[in-house]
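Chain by chain, the residues:
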Amino acid sequence: MSRWEEFYESLPPPDGFDDAKQRLHEFCKRLGAKNKIVLVTSGGTTVPLEHNTVRFVDNFSAGTRGSASAEYFLSSGYAVIFIFRQKSLEPFARHFMGLKFLNMLEMAEENECLSIKVKGSHVEGLRPVLEQYQEAEGSGRLLQLPFTTLSDYLWLLRAASECLSSIGPRAMLYLAAAVSDFYVPTDKMPTHKMQSNEGPPSISLQLVPKMLKPLVNIWVPNAYVVSFKLETDAELLIKKSREALNKYNHKLVIANILQTRKYKVMFVFPNHDYEVNLNEDEIKKGIEIESKIVDDLAKKHELYIGGMV
Ligand code: PAZ
């Protein structure tokens, strides 16, 4: 048995997994015959430190990249499977979150009747978001499946990839989630909450096997697979992206640096690379880099489907 198979053996599928699998099958069956389908992964995975989990290791990812990209894929005609970290940003809903949402509203009292409405200054901005959301809902082209832990994520990733294999090159995988490289094996985890009166815990993290390998070679071999690489040291970015391409044989790595990820990424191919960025003017206008990323990818995917790359 390979390391990745052993890994799945050791981690039970999450609650509700059969239902998620059923929804994936139904989605791919209904839309797969005629459409391009993209799997977008988004947000960070947690790594539990106890079976009855009170504490866990997490990461910074807010789900901006994935949720914004999902919207742009929908408006480019794709059906979208959105596998996202529970409570991270979601397509469309991201425009209405937290104080940002409350600041869009105002109260009005007329004939002793209180109503709450969207402030006039926000109506035009929200209209396209609502229209796109209603279109995506109406056409059933968006399937959202949440995860929390690394294990939840990996089970969903494999199930979605296997479903997508039925549509061959019309499938794209856009793996933007920040997935932990380390985990605590089930048999090394305490059952109950760690107690501080027992002294500082010694936690031994193990390496998670790289799932890109079976994904590209076994689960969904004909899809257009795009992975993301995040680094904090710019010196490593291109080198590590190329290493990943050589190792896993997928199509493209989108490489980004933590601090500049919202306005600059590198598209890294086996033999060339280029920057996709936003200029000052585009940033001021509120243009999102994901619109450019998706635009570029949709063209490349079309060439791939036509057998040109
Ligand atoms: O979710 P977000 O918008 O805050 O961040 C996006 C990102 C940096 C997680 C994504 O662009 C990315 O690089 N994902 C892969 C991370 C990695 O495992 O290297």
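Everything numeric in this text was worked out from a predicted model, so none of it was measured.

Student: What should I look at first to understand helix α7 (residues 212-219) in this one?
Tutor: Side chains of residues three or four places apart in an α-helix project in the same direction, reflecting 3.6 residues per turn. Along α7, the positions that sit buried rather than exposed are Leu-212, Pro-214, Leu-215, Val-216 and Trp-219. In this structure, the buried side of α7 is in contact with α1 (3-10), α6 (150-164), β8 (171-175), β11 (224-231) and α8 (234-248).

Student: What is the right way to read the nonpolar core from this model?
Tutor: Note that soluble globular proteins tend to have their nonpolar side chains buried in a common cluster. Grouped together as the largest cluster of nonpolar side chains are 57 residues, with contacts concentrated most on Ile-37, Ile-81, Ile-83, Leu-154, Leu-164, Leu-173 and Leu-215. In this structure, Phe-82, Leu-142, Tyr-174 and Val-276 belong to the second largest nonpolar core, which totals 32 residues.

Student: I tried to follow the site of the ligand on my own but got confused; where do I start?
Tutor: Ser-61, Gly-63, Arg-65, Leu-230 and Asn-256 are the nearest of the 14 residues found near the ligand. Note that an oxygen atom of the ligand is positioned 3.3 Å from one of the backbone N or O atoms of Thr-64. Within the backbone of Ala-176, a nitrogen or oxygen atom sits 3.1 Å from a nitrogen atom of the ligand. Within the complex, 90% of the 480 Å² of free accessible area of the ligand lies under protein.

Student: Honestly, the sheet that holds strand β7 (residues 142-147) in this entry has me stumped. Any pointers?
Tutor: The strands making up a sheet are joined through hydrogen bonds of the backbone, oriented either antiparallel or parallel. The eight strands lie next to each other as β7-β4-β1-β8-β11-β12-β13-β14, forming an open sheet whose pairing is mixed. Bordering the open sheet on either side are β7 and β14 (273-277), each of which pairs with just one other strand. Between one strand and the next, the sheet's axes are offset by a mean angle of 20°, whatever the strand orientation. Sheet topology note: the strand β1 (residues 37-42)/strand β4 (residues 79-85) ladder contains six bridges and is parallel. Paired with Ser-42 across the bridge in β4 is Phe-84.

Student: Teacher, can you tell me more about the pattern of salt bridges here?
Tutor: Pairing between side chains of opposite charge can happen when the charged atoms of each approach one another. Counted under the stated rule, the structure contains 17 salt bridges. Residues Arg-141 and Glu-135 are paired through a salt bridge, measuring 2.6 Å at the closest nitrogen-oxygen approach. Taken together, the shared-partner salt bridges in this structure form one network comprising Glu-71, Arg-94 and Glu-288.

Student: For this particular structure, what's the right way to read the pairing of strand β13 (residues 264-268)?
Tutor: Moving residue by residue along a regular strand, the side chains alternate between the two faces of the sheet. β13 sits mainly inside the fold: four of its five residues count as buried. For strand β12 (residues 252-257) and β13, the ladder comprises three bridges, and the chain directions are antiparallel. Directly across from Ala-255, in β13, lies its bridge partner Met-266. Linking two consecutive strands that pair antiparallel, namely β12 and β13, is a turn of six residues.

Student: Sorry, what's going on with the environment of Leu-150 here?
Tutor: Secondary-structure assignment places Leu-150 in helix α6. Look at Leu-150 and you get buried, because its relative accessible area is 5%. Separated by 120 residues in the primary sequence, Leu-150 and Arg-30 place their C-alpha atoms 29 Å from one another.

Student: Looking at this structure, how should I read the environment of Ser-42?
Tutor: Among the structural elements, Ser-42 can be located in strand β1. Placed 46 residues apart in sequence, Ser-42 and Ser-88 show a C-alpha to C-alpha distance of 8.2 Å. Ignoring anything within four residues of it in the chain, the contact list for Ser-42 reads Gly-63, Gly-66, Ser-67, Phe-82, Ile-83, Phe-84, Arg-85, Ser-88, Phe-147 and Ala-177.

Student: How should I be thinking about unusual backbone geometry in this particular structure?
Tutor: Leaving glycine aside, a negative phi is the common case for residues, and trans is the common case for peptide bonds. At Phe-92, a residue that is not glycine, the phi angle is positive and equals roughly 70°. Non-glycine residue Glu-112 carries a positive phi angle of around 60°. With respect to the secondary-structure elements, Glu-112 resides in the loop between β5 (105-110) and β6 (113-118).

Student: Honestly, the environment of Leu-297 in this entry has me stumped. Any pointers?
Tutor: Mapped onto the elements, Leu-297 comes out in helix α10 (residues 289-305). The contact partners of Leu-297, leaving out residues within four places of it in the chain, are Phe-73, Met-172, Tyr-174, Tyr-224, Val-226, Leu-252, Ile-254 and Phe-267.

Student: Looking at this structure, I do not really get the layout of surface pockets. What am I missing?
Tutor: Over the atoms rolls a probe the size of a water molecule, and its path tells where empty space is left. Its boundaries defined by the atoms lining it, the second largest pocket holds a volume of some 460 Å³. What lines the second largest pocket is a set of 20 residues, and nearest its centre among them are Pro-12, Pro-48, Thr-149, Ser-151 and Asp-152. Among the elements of the structure, β2 (47-48) and α6 are those that each provide at least two residues to the lining of the second largest pocket. Here the lining of the second largest pocket takes three residues from α6, the largest share from any one element.

Student: What is the right way to read the pairing of β5 from this model?
Tutor: Little of β5 is tucked away, with zero of its six residues classed as buried. In the sheet, β5 pairs with β6 via six bridges, with the strands oriented antiparallel. Across the sheet, residue Ala-108 finds its bridge partner in β6, namely Ser-115. Remark: two residues form the turn of the hairpin made by β5 and β6, two consecutive strands paired antiparallel; Asn-111 in that turn has positive phi of roughly 50°.

Student: Quick question: what am I supposed to make of the packing of helix α3 (residues 64-75) against α10 here?
Tutor: Each pair of packed helices can be described by the angle between their axes along with the distance between the axes. At their nearest, the axes of α3 and α10 sit 9 Å apart, and the two run at 55° to each other. On the basis of their axis angle, the class for α3 and α10 is oblique. For the pair α3 and α10, the sense of crossing is right-handed. Taking contact as the criterion, the partners of Thr-64, Arg-65, Ala-68, Ser-69, Tyr-72 and Phe-73 in α3 are, on α10, Ile-289, Glu-290, Ser-291, Ile-293, Val-294 and Leu-297. Here the contact of α3 with α10 is built from residues that sort into seven nonpolar, three polar and two charged.

Reading the values: the criteria
- Residues numbered from 1 in each chain as written.
- Predicted model: local features only at pLDDT ≥ 70, side-chain atom pairs only at ≥ 80, totals over all residues.
- Heavy atoms only, no water.
- Buried < 20%, exposed > 50% of the residue type's maximum accessible area, 1.4 Å probe, protein only.
- Helix = DSSP H or I, 4+ residues; strand = E, 2+ residues; numbered from the N terminus.
- Contact = heavy atoms within 4.5 Å.
- Core = buried A, V, L, I, M, F, W, Y, C linked by side-chain atoms within 4.5 Å.
- Near = heavy atom within 4 Å.
- Polar contact = N/O pair within 3.5 Å; in protein donor to acceptor, adjacent residues only side chain to side chain.
- Areas by Shrake-Rupley, 256 points an atom, 1.4 Å probe, with all protein chains shown as cover.
- Pairing = 2+ DSSP bridges.
- Axes fitted to C-alpha atoms, helices over the stretch in contact; angles between N-to-C directions.
- Salt bridge = Lys/Arg side-chain N within 4 Å of Asp/Glu carboxyl O.
- 1 Å grid on protein atoms, 1.4 Å probe; cavity = no way out; pocket = protein on both sides within 12 Å on 5 of 7 lines; lining within 4 Å.
- Points joined across faces, edges and corners; volume = space filled by probe spheres on them.
- Parallel < 35°, antiparallel > 145°, perpendicular 65-115°, else oblique.
- Left-handed = near helix turned anticlockwise from the far one by under 90°.
- Nonpolar A, V, L, I, M, F, W, Y, C, P; charged D, E, K, R; others polar.

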